[in-house]
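Analysis of the macromolecular model
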Amino acid sequence: MGLAYNVYLNSKSIYGCKTCKTHLADHDEIISRLRLQNFRGQHGKAYLFNSVVNIQQGEAGERNMTTGRHVVRDIFCRQCKEVVGWKYDRAYESTEKYKEGKYILEQELLCKVA
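Below is a summary of the structure that appears in this document. (Residues numbered from 1 in each chain as written. Predicted model: local features only at pLDDT ≥ 70, side-chain atom pairs only at ≥ 80, totals over all residues. Heavy atoms only, no water.)

1. Things to note about the packing of aromatic side chains
As enumerated under the stated definition, the model contains four aromatic pairs in all. Both rings, one in Tyr15 and one in Phe49, keep their centres 5.9 Å apart while their planes meet at 80°; by these two values the pair is edge-to-face. Placement of the pair is Tyr15 in strand β1 (residues 14-17) and Phe49 in strand β4 (residues 44-49), with a sequence separation of 34 residues. Consider the rings of Tyr47 and Phe49, whose centres lie 6.4 Å apart with planes at 85°: the pair is edge-to-face. Of the two residues, Tyr47 and Phe49, neither departs from the other in class, the shared state being buried. (Phe/Tyr/Trp six-rings, centres within 6.5 Å; stacked < 30°, edge-to-face > 60°. Helix = DSSP H or I, 4+ residues; strand = E, 2+ residues; numbered from the N terminus. Buried < 20%, exposed > 50% of the residue type's maximum accessible area, 1.4 Å probe, protein only.)

2. So, the pairing of strand β9 (residues 103-106)
The alternating pattern of β9 places Tyr103 and Leu105 and Ile104 and Glu106 on opposite faces, both of which are buried. Here β4 runs beside β9; their pairing, made up of four bridges, is antiparallel. Across the sheet, Leu48 pairs through a bridge with Ile104, a residue of β9. Two elements, strand β8 (residues 83-91) and β9, share three bridges in a ladder whose sense is antiparallel. The residue of β9 that forms the bridge with Gly85 is Leu105. (Pairing = 2+ DSSP bridges.)

The values are spatial; any link to function lies outside them.
Okay, here's the thing in structure tokens:
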């Protein structure tokens, strides 16, 4: 199994875990700002990202969301194990397929690291 090393991002704007400040995503990886969409999570505003780092993924399960039925899995900070958002595995609606393989991070669970 070996040791898990954290990835440290090199960017002007980095989002990290609010609890432990572990790097999670580069601001330039946000998709939702390009599509002018407002994503919401349990805690309010959320962002759709192309990629994230330093996370662990939970089990996949179907959820009814405001945009329809999706197969998603919670994502956790690898360092402190706090839930920080979820990953879209599958979207049933054709208009939502662009979300597949993408990640939601909730603003309330993040902090600006850089």
